[in-house]
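Observations on the three-dimensional arrangement
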Amino acid sequence: MPAHIVYDTAPLGALIRYSDGTPRPPARFAKKLAAWERRNGLGRLVRKEPPRDRPAYCAPASIILNQGNFASGSVILVTVMREHSLDSDLRYEIVERPTIGMVRILLPVGDNLELLHLADSRESAELWLAKHRHGQARIEDVTADEIGADVVEGRSAA
């Protein structure tokens, strides 16, 4: 599916696979493999960015995927985020949606929300929030109504 369908239908916290459709090159071709990995991967949807109009530049809407964290012990040193504009030529697939009972920790960023963490339960979300202290973060449950809307509107995990 194109990126605009992910933007319109995928909830924050969904696991998204993106691909250019080319086969993975053998590991012995390090440069080709690195280029392939930049255009093929998996990430968690953490933000949907609306179009931005500036006097000198217009940016299309985009989705931002968290591709992982690099840590030393329990300290996260680097978080890898990748922004994909809706006019991207890549193909996208919603691999997994958050399930009922999961809890999102969301942070307001301008007029949007950014997913900080997706927890299995409210208790683990509160523990995470107490440990990581984000002043304006809020907790939001994944509800049956959200899952039901996906079923009614014909959305599926893939």
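Buried together is how nonpolar side chains tend to be arranged in soluble globular proteins. Counting residues in hydrophobic clusters, the biggest one holds 22 residues, and the most contacted among them are Val6, Ala10, Ile16, Leu45, Ile63, Tyr92 and Ile94. Secondary structure elements with two or more residues in this core: helix H1 (3-9), strand E1 (15-19), strand E2 (41-49), strand E5 (62-72), strand E7 (91-96) and strand E9 (112-119). Non-local contacts of Ala10, meaning those with residues more than four positions away in its chain, are made with Ile5, Ile16, Leu45, Lys48, Ile94 and Arg97.

Right, let's talk about the environment of Arg138 for a bit. Mapping Arg138 onto the fold places it in strand E10 (residues 138-141). With a relative accessible area of 39%, Arg138 lands in the partly exposed category. In the structure, Arg138 is positioned 34 residues away from Arg104 in sequence and 8.2 Å away in space, judged by C-alpha atoms. Beyond its immediate sequence surroundings of up to four residues, Arg138 is in contact with Arg104, Ile105, Leu106 and Leu113.

Glancing now at the pattern of salt bridges. Summed over all chains, the structure comprises twelve salt bridges. In this structure, the salt-bridge partner of Arg104 is Glu140, at a minimum N-O distance of 3.0 Å. Note that Arg104 is positioned in strand E8 (residues 103-109) and Glu140 in strand E10, a separation of 36 residues in sequence. The class for Arg104 is buried, based on a relative accessible area of 3%. For Glu140, the salt bridge goes to Arg138, with nearest N and O atoms at 3.7 Å. Linked by salt bridges that have partners in common, Arg47, Glu49, Arg52, Glu83 and Glu114 make up one network.

What counts as what
- Residues numbered from 1 in each chain as written.
- Predicted model: local features only at pLDDT ≥ 70, side-chain atom pairs only at ≥ 80, totals over all residues.
- Heavy atoms only, no water.
- Core = buried A, V, L, I, M, F, W, Y, C linked by side-chain atoms within 4.5 Å.
- Buried < 20%, exposed > 50% of the residue type's maximum accessible area, 1.4 Å probe, protein only.
- Helix = DSSP H or I, 4+ residues; strand = E, 2+ residues; numbered from the N terminus.
- Contact = heavy atoms within 4.5 Å.
- Salt bridge = Lys/Arg side-chain N within 4 Å of Asp/Glu carboxyl O.

By themselves, these observations are geometric and do not establish any function.
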